[in-house]
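# Coordinates in review
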Amino acid sequence: MRIYRNLYVSIMLAGLLLLSANIVFAESESITSAANIESAEITASAFQNPAQAETLANLLQYKSELKSQLKAAKKVRKNITHPVDKEAISAKINDLKNQLRKVHQNFVKVATGIDSSVFNEEIQQHFQWQEEIETLIKPLFNELKEMTKRPRQIERLKSRVAYFESRLPSANEAVANIDKLISAAKSEQLKEELQRLKIEFEKKKTNINNQLDVAHFELNELQKEKKSFYESTMKVMAVFFKSRGKNIFIALLTFIGVFLAFRLFDRGFRRIHPAFKTKERPFYIRLIEVVLLFMTVMVATVASLFTLYISGDWFLLSIAFIFLIGALWTAREGFTRYYEQVKLILNLGSVRENERIIHNGVPWEVERLQLFTKLRNPALNPSVIRLPIEKLSGQISRSFSSNEPWFPCRVDDWVILSDGTRGKVISQSPDMVELIQRGGTYVTYQTQDFLGLSPKNLSRNFRLKSVFGIDYAHQAESTNSILVQAKEFIEVKLQEDGYEKHVLSLKVEFESAGASSLNIVIIVDFNGSVAELYGRLNRALQRYSVDACTKFGWNIPFDQLVVHKAQ
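Reading the values: rules and limits
Residues numbered from 1 in each chain as written. Predicted model: local features only at pLDDT ≥ 70, side-chain atom pairs only at ≥ 80, totals over all residues. Heavy atoms only, no water. Helix = DSSP H or I, 4+ residues; strand = E, 2+ residues; numbered from the N terminus. Buried < 20%, exposed > 50% of the residue type's maximum accessible area, 1.4 Å probe, protein only. Contact = heavy atoms within 4.5 Å. Areas by Shrake-Rupley, 256 points an atom, 1.4 Å probe, with all protein chains shown as cover. Polar contact = N/O pair within 3.5 Å; in protein donor to acceptor, adjacent residues only side chain to side chain. Expected span 1.5 Å × (residues − 1). Salt bridge = Lys/Arg side-chain N within 4 Å of Asp/Glu carboxyl O. Pairing = 2+ DSSP bridges. Axes fitted to C-alpha atoms, helices over the stretch in contact; angles between N-to-C directions. Phe/Tyr/Trp six-rings, centres within 6.5 Å; stacked < 30°, edge-to-face > 60°. Lys NZ or Arg CZ within 6 Å of the ring centre and 35° of its normal. pLDDT = per-residue confidence, 0-100. Core = buried A, V, L, I, M, F, W, Y, C linked by side-chain atoms within 4.5 Å. Patch = residues over 30% accessible without salt bridge, like charges linked within 9 Å, V, L, I, M, F, W, Y side chains within 5 Å. Lys, Arg positive; Asp, Glu negative; His and termini not counted. Charge placed at Lys NZ, Arg CZ, Asp CG, Glu CD. Parallel < 35°, antiparallel > 145°, perpendicular 65-115°, else oblique. Left-handed = near helix turned anticlockwise from the far one by under 90°.

Below, the discussion takes up the overall build of the protein. Scanning the protein for helices and strands turns up 15 helices and 12 strands. A buried classification covers 31% of the 567 residues belonging to the protein. A sequence separation of at least 24 residues applies to 59% of the contacts in the protein between residues at least 6 apart. Total accessible area computed for the protein in this model is approximately 37,200 Å², and 58% of it derives from carbon and sulfur atoms.

This is how it looks when you write it as structure tokens:
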């Protein structure tokens, strides 16, 4: 009786397994199958969408079949006493209950158009950040796993080949040792036992050989498909651009399009609104600029992510989310820096619009405070430079008056530097100042170094001083008549040489009483039109001094060394 009962239970279990397999197959085909729609209580005429009615009818039929199967399984479980069989049928009953619950959820979802899980408070409150992260990065790992599938298969097969090749000598040695023992054994019973052991190891040897041959075959097949690096790269690129490359292109195009649209809107708004055209922009205009810039980046980013979502490319979407999370995590370290930059853009920081700052040793007027700040120096060419807003961090601006100079010279001005260089300025930019000296030599300085040499501008009038000495024999006349005679003589000479019209003032004065001479100084102020002749004029004054001494008989002394002999 026990044998018949076990047989009955086995037949029932087999029948249930077969029935469940048929129902699982029916579940996959129930959406498209219309074989038994007439038997359902729901008709398509009661619905506006026939597909909805058909789906509900199939789900209802499947639900009825699951209930019948569950009822039969419970009946079978009542007649089972063996623990193992009872555990198997109980597991099957639990599986049927789960399927029944899922079918009911699907039925409610199709009928109402709403997922019933939204009303489950426990599900709503349940949140596992590990699971959420796993859901996010799972497509990425699946894609990487698929990309490395072939190399991993080759490596696995090589490991199998190495494993079986290392085991084969041991099997051969075992068989050989058993053969020696068989030939040396005297007892027939021992020979029979050794023979059975030999057969067992020969089977292992044969199995190892078979496994080794299969591994070799699979490895050779995979290696036959091996292509050159160029071919593999081109194939990967072709597949990539056929699917994901297109999605990346669309996402980038969307980002650029939305970004440019917002920037065009911003530019149009600037042209229309009169507040942007004023030199002093109000605070609300600056705030609108900052908000609009933030919205531009945010909306463009969301739009590009939305295109990936629409295309269903979860791999690229996962990479994009991971990139954004990394960018935000990195940005949090510079929150203070970004806060200071926003203050600058809002004109609330240490640098403000329409004020003066020193950048790289050159004075600039802050024309506009934006992500790329505009600085202006009207004396340079080009007169405007753009700087990232972060370059102004730590600097302080100040108000300035209208008569403050922006640069010590202009193009075509003659200058003398503290290193002795004299030349005409032929170009001055924010980076370089170029001079041309008399004779055609070009000299170039970095703008900051040029200003550091304290250039003296000769083109805005200049003064020359020339000192000459006369002998102490003329001491009585050195402070009166000699000065008058020298001045009159020099005036005549300047007129003869054509310099008189460029002279602003001429003075001849007694300067000092030297050790061996009475020193007289000639002071002449010229206008900037003869700045080019600075050296020639200086030499001319010395020549005029010698000519005056010659004409009026003034002795020019020379240094003497007097030696006193000891008494």
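Okay, the side chain of Thr296 next. Structurally, Thr296 can be placed in helix α10 (residues 283-311). Judged by relative accessible area, which is 0%, Thr296 ranks as buried. From its side chain, Thr296 meets the backbone oxygen of Leu292 in a polar contact 2.6 Å long. Setting aside residues up to four positions removed in sequence, Thr296 forms contacts with Phe259, Phe262 and Arg263.

It is worth spelling out unusual backbone geometry at this point. Following Asn381, the chain continues into Pro382 via a peptide bond in cis, with omega recorded as 5°. Of note, Pro382 is situated in the loop between β3 (372-376) and β4 (384-388). Despite not being glycine, Asp412 has its phi angle at roughly 80°, a positive value. Located in the positive-phi region is Asn461, a residue other than glycine, with phi close to 85°. For Asn461, the position within the fold is in the loop between β9 (456-457) and β10 (462-470).

Time to look at α10. The end-to-end C-alpha distance of α10 is 43 Å, a good match for the 42 Å that 29 residues give at a rise of 1.5 Å each. Within α10, burial applies to Ile285, Arg286, Glu289, Leu292, Thr296, Ala300, Thr301, Ala303, Ser304, Leu305, Thr307 and Leu308. Positioned one or two residues after α10, Gly312 has a phi angle of 75°, which is positive.

Turning to the pattern of salt bridges, a few remarks are in order. Side chains that carry opposite charge are capable of pairing whenever their charged atoms lie near each other. Going through the model one piece at a time under the given rule, you end up with 13 salt bridges. A salt bridge links Arg376 to Glu367; the shortest N-O distance between them is 2.7 Å. Among the residues examined, Arg376 registers a relative accessible area of 28% and is labelled partly exposed. Between Arg398 and Glu404 there is a salt bridge whose closest N-O contact spans 2.8 Å. The structure contains a network of salt bridges with shared partners spanning Asp179, Lys198 and Glu202.

The next subject is the sheet that holds strand β2 (residues 362-368). Across a sheet, paired strands are connected by hydrogen bonds in the backbone, their directions being either parallel or antiparallel. If you walk across this open sheet you meet the 4 strands as β1-β2-β3-β4, and the pairing is antiparallel. Strands with a single pairing partner mark the edges of an open sheet, and in this sheet they are β1 (356-359) and β4. Going from strand to strand, the sheet's axes swing by 45° on average, the running direction of each strand aside. Pairing of β2 with β3, which is carried by 3 bridges, proceeds in the antiparallel orientation. Bridging across to β3, Arg368 finds its partner in Lys374.

Tallying each qualifying case throughout the model produces 10 aromatic pairs. Each ring, one from Tyr163 and one from Phe164, has its centre 5.3 Å from the other, and the planes form 70°; the classification is edge-to-face. Of the residues examined, Phe164 reaches a relative accessible area of 10% and is grouped as buried. Measuring from ring centre to ring centre gives 6.2 Å for Phe489 and Phe552, while their planes differ by 75°; the resulting arrangement is edge-to-face. One end of the pair, Phe489, is in helix α14 (residues 481-496); the other, Phe552, is in helix α15 (residues 534-552), and 63 residues separate them in sequence. Residue Phe489 is classed as buried on the basis of its relative accessible area of 10%. Classification of Phe552 as partly exposed rests on a relative accessible area of 30%. Directly above the ring of Phe372 sits Arg386, whose terminal nitrogen or CZ lies 5.0 Å from the centroid.

Below, the discussion takes up the sheet that holds strand β6 (residues 422-428). The sheet built from 5 strands is open, its strands ordered β8-β7-β6-β5-β9 with antiparallel pairing. Each edge of the open sheet carries a strand with a single partner, namely β8 (442-446) and β9. Where strand β7 (residues 432-436) lies against β8, 5 bridges are found, and the strand directions are antiparallel. By the bridge assignment, Met432 is partnered in β8 with Gln446.

Glancing now at the confidence of the model for the protein. For the protein, the mean per-residue pLDDT works out to 78, and 77% of the residues sit at or above 70. Across residues 1-48, where pLDDT falls below 50, the model places 45 contacts with residues more than four positions away in sequence or in other chains.

The next subject is the nonpolar core. Soluble globular proteins: nonpolar side chains tend toward being buried together. Phe462, Ile470, Ile522 and Leu537 are the most contacted members of the largest nonpolar core, which has 32 residues in total. Counting only elements with at least two residues in this core, the list comes to β5 (414-416), β10, α14, β11 (503-513), β12 (518-526) and α15. In contact with Ile522, not counting residues within four places along its chain, are Leu464, Lys465, Ser466, Phe468, Ile490, Leu506, Lys507, Val508, Leu541 and Ser545. With 25 residues, the next largest nonpolar core counts Val362, Leu369, Leu417 and Leu435 among its residues.

Together, Lys71, Lys74, Lys75, Lys78 and Lys97 make up a positively charged patch on the protein surface. Considering each element in turn, the positive patch owes the most residues, 4 residues, to helix α2 (residues 50-78). Position of Lys97 relative to the elements: it lies in helix α3 (residues 83-112).

On to the packing of α10 against helix α11 (residues 314-331). At their nearest, the axes of α10 and α11 sit 8 Å apart, and the two run at 155° to each other. Compared by their axis directions, α10 and α11 come out roughly antiparallel. Judged by the twist between their axes, the crossing of α10 over α11 is left-handed. In contact with Thr301, Leu305, Leu308 and Tyr309 of α10, α11 contributes Trp314, Leu316, Leu317, Ala320, Phe321 and Leu324.

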